[in-house]
Amino acid sequence: MEEMANLISNFGFPIVLVIYLFTRFERLFTEVIDSIERLEDLIQEHFRQEKE
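Conventions adopted
- Within every chain, residues take consecutive numbers counted from 1 along the sequence as written.
- Thresholds applied to this predicted model are a pLDDT of at least 70 for local features of residues and 80 or more for the giving and counting of side-chain atom pairs; totals over whole chains, interfaces and linings are not thresholded and use all residues.
- Where side-chain values are given, they derive from all heavy atoms of the structure, hydrogens and water being excluded.
- Numbering of helices and strands runs from the N terminus; a helix is a DSSP stretch of H or I covering at least four residues, while a strand is a stretch of E covering at least two.
- Computation of the radius of gyration draws on C-alpha atoms, with the globule rule given as 2.2 Å multiplied by the number of residues to the power 0.38.
- Note on exposure labels: buried denotes an accessible area under 20% of the residue type's maximum, exposed denotes more than 50%, and partly exposed covers the range between, all computed with a 1.4 Å probe on protein chains only.
- Patch definition: residues above 30% relative accessible area lacking any salt bridge, with like charges linked at up to 9 Å and the nonpolar side chains Val, Leu, Ile, Met, Phe, Trp and Tyr linked at up to 5 Å.
- In this description, accessible areas are obtained by the Shrake-Rupley approach with a 1.4 Å probe, and a residue is regarded as covered only by the protein chains that are shown.
- The rule for a salt bridge is simple: a side-chain nitrogen of Lys or Arg has to be within 4 Å of a carboxyl oxygen of Asp or Glu.
- Asp and Glu count as negative and Lys and Arg as positive, but His and the ends of the chain are not part of the count.
- Each charge is placed at NZ for Lys, CZ for Arg, CG for Asp and CD for Glu.

K.L.:
Which residues make up the overall build of the chain, and what values go with them?
P.N.:
Scanning the chain for helices and strands turns up one helix and zero strands. Relative to a compact globule of 52 residues, whose C-alpha radius of gyration would be 10 Å, the chain shows 22 Å and is clearly more extended. Over its C-alpha atoms, taken along the principal directions, the chain stretches across nearly 75 × 10 × 10 Å. Buried positions account for 0% of the 52 residues belonging to the chain.

In structure tokens form, the structure reads like this:
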């Protein structure tokens, strides 16, 4: 039982930290992906207008 408590105290914080960071970065990555997709659309629209 003491060994189990030791494992939780040693690895509990890093696991919680990693989960927190992954959720934060997931939102950031989603925003970056959305921005890139919007940029792609704007570039395509610009080239379409240039052809006309």
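K.L.:
Outline a negative patch on the surface, supporting the account with residue identities and numerical values.
P.N.:
A surface patch of like charges, here negative, comprises E31, D34, E37, E40, D41 and E45. With respect to the helices, strands and loops of the structure, E31 is situated in helix 1 (residues 2-51). Since its relative accessible area comes to 51%, E31 is described here as exposed.

K.L.:
Give a description of a nonpolar patch on the surface that names residues and reports values.
P.N.:
On the surface, F13, L17, Y20, L21, F25, L28, F29 and I33 cluster together into a nonpolar patch covering about 810 Å² of accessible area. Checked against the element boundaries, Y20 lands in helix 1.

K.L.:
Can you tell me about the environment of F22, naming the residues and giving the values?
P.N.:
With respect to the helices, strands and loops of the structure, F22 is situated in helix 1. The exposure class of F22 is exposed, given its relative accessible area of 59%. Sequence separation between F22 and G12 is ten residues, and the spatial gap between their C-alpha atoms is 15 Å.

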